[in-house]
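Per-entry structural report
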Amino acid sequence: MRPTGRLHLGHYHGVLKNWLTLQHEYECFFFVADWHALTTHYDEPELVNEYALDMVIDWLAAGINPGQSTLFVQSRVPEHAELHLLLSMMTPLSWLERVPSYKDQQESLKERDLATYGFLGYPLLQSADILAYRAGQVPVGADQEAHIEITREVARRFNHIYGREPNFEKKAEQGIAKMGRKQGNLYKKLRKSYLETGDLDALETARALLQEQQNITLGDQERLLGYLEGTGRVILPEPNALLTPVAKMPGLDGQKMSKSLNNTIALRDETDVIADKIRRMPTDPARIRRTDPGEPDRCPVWNFHQVYSDKRTREWVCEGCTTAGIGCLECKAPVIDAVEAEVAPIRLRANELAANPDEVSNIIAEGCEKAGDEAAETLRDVRDAMGLGW
Ligand code: SF4
């Protein structure tokens, strides 16, 4: 997670609740992506550090258990940077240019100059973040799947170039000879194109061509696939995307909850602040007077009921709203109670942690050390494979 400072309900329902479940099911690594923050906000360094600490406090307060998971800060594990550099040597530029969010983000953050080397390379930095731990699963939303895909491609290419076994080429040449001259030459051309330019269409075509070969045994086909994709030796395993359910937790105005839109409820908001924010929430514009009936589907408060209220309360809202039987303040009361009930224990714990910053710093330091040990092992293999094993 990028350091964004104090977290709000959007983070809690969109990410943290999912992490709380995952930490019981997997060995998890959660990190503050401070280098990623600099890829877009490189001119605001003063925020990064302060935001990072506040964010980790909120993770812990929400229930992330440092005894179960590893919590660390990206910039304190320099192996991420080294792996990013080493992977950059063999990653085709075209792979980064075609990541959908590259152009989208440049468009949506128009006020920033994002024509930088670092911004173009951020998907590769993400790949390094994942591959440094040889991660099996990466929890992402559907919009992030492209980043996992590029990581898989980078790992495959790395293994292909650096993971070959002795005599691998010779054995593969023997297999190609069985394809017949024309087909064999086509296969070699496609493979060359994939290797030299990272052309994924060529990879797909070559794979299909192989599967059509009836006179090649399955064993030889396997070998040739390995030859094509570089699975001779797996140094960096390909991770899988662990698709997380999309959480519907819109902001106070019905748009996406976001600090920049000023429509958030923070996990550390005080009781009266929460009540005040919810009381001021806009409602169905058709309900000008208390006697005007409304339509919950046009009201941001209804979104909150869908997250927080049971069936009975939701029925009470629908009935009361559409018949003007209840007023909007009345309708908001159960939401205020439910949000307060959810946030109160988190706020209490966060305030305790904020009063003990040394405790949080120690947790981060321990996490950084553990993450560093894991990443160092991967880097040893990567350096060796790339001829840097001094
Ligand atoms: Fe919205 Fe409730 Fe008012 Fe209907 S009664 S407009 S759902 S706040």
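Residues numbered from 1 in each chain as written. Predicted model: local features only at pLDDT ≥ 70, side-chain atom pairs only at ≥ 80, totals over all residues. Heavy atoms only, no water.

All right, on to unusual backbone geometry then. Most of the time, phi is negative for any residue but glycine, and the peptide bond is trans. Although it is not a glycine, R134 adopts a positive phi angle of roughly 45°. Along the chain, R134 turns up in the loop between α8 (122-131) and β3 (137-140). Residue R134 is classed as partly exposed on the basis of its relative accessible area, which comes to 28%. Even without being a glycine, A324 presents a positive backbone phi close to 60°. Assignment of secondary structure puts A324 in the loop between α16 (311-322) and α17 (328-354). (Helix = DSSP H or I, 4+ residues; strand = E, 2+ residues; numbered from the N terminus. Buried < 20%, exposed > 50% of the residue type's maximum accessible area, 1.4 Å probe, protein only.)

As a further point, take the site of the ligand. Around the ligand, a shell composed of T283, D284, R287, C299, V301, V317, C321, C328 and C331 is seen. Secondary structure elements with two or more residues in the shell around the ligand: α16 and α17. Of the residues in the shell around the ligand, the class split is six nonpolar, one polar and two charged. (Near = heavy atom within 4 Å. Nonpolar A, V, L, I, M, F, W, Y, C, P; charged D, E, K, R; others polar.)

Domain assignment breaks the chain into domain 1 (9-160 + 357-385), domain 2 (164-229) and domain 3 (259-354). Using only C-alpha atoms to locate each centre, domain 1 and domain 3 end up separated by 34 Å. Tallying the contact residues gives 15 residues for domain 1 and 14 residues for domain 3. Here domain 1 meets domain 3 over a buried area of about 1,300 Å², counting both sides, of which 62% is carbon and sulfur. At the junction of domain 1 with domain 3, the criterion picks out five residue pairs in polar contact (both at pLDDT 80 or more). Among the elements of the structure, α1 (9-25), α3 (45-62) and α18 (357-385) are those that each provide at least two residues to the side of domain 1 that touches domain 3. Considering every element that reaches the side of domain 1 that touches domain 3, the biggest residue donor is α3, with seven residues. (Domains from an automatic or database assignment. Contact = heavy atoms within 4.5 Å. Buried area = accessible area lost by both parts, 1.4 Å probe. Polar contact = N/O pair within 3.5 Å; in protein donor to acceptor, adjacent residues only side chain to side chain.)

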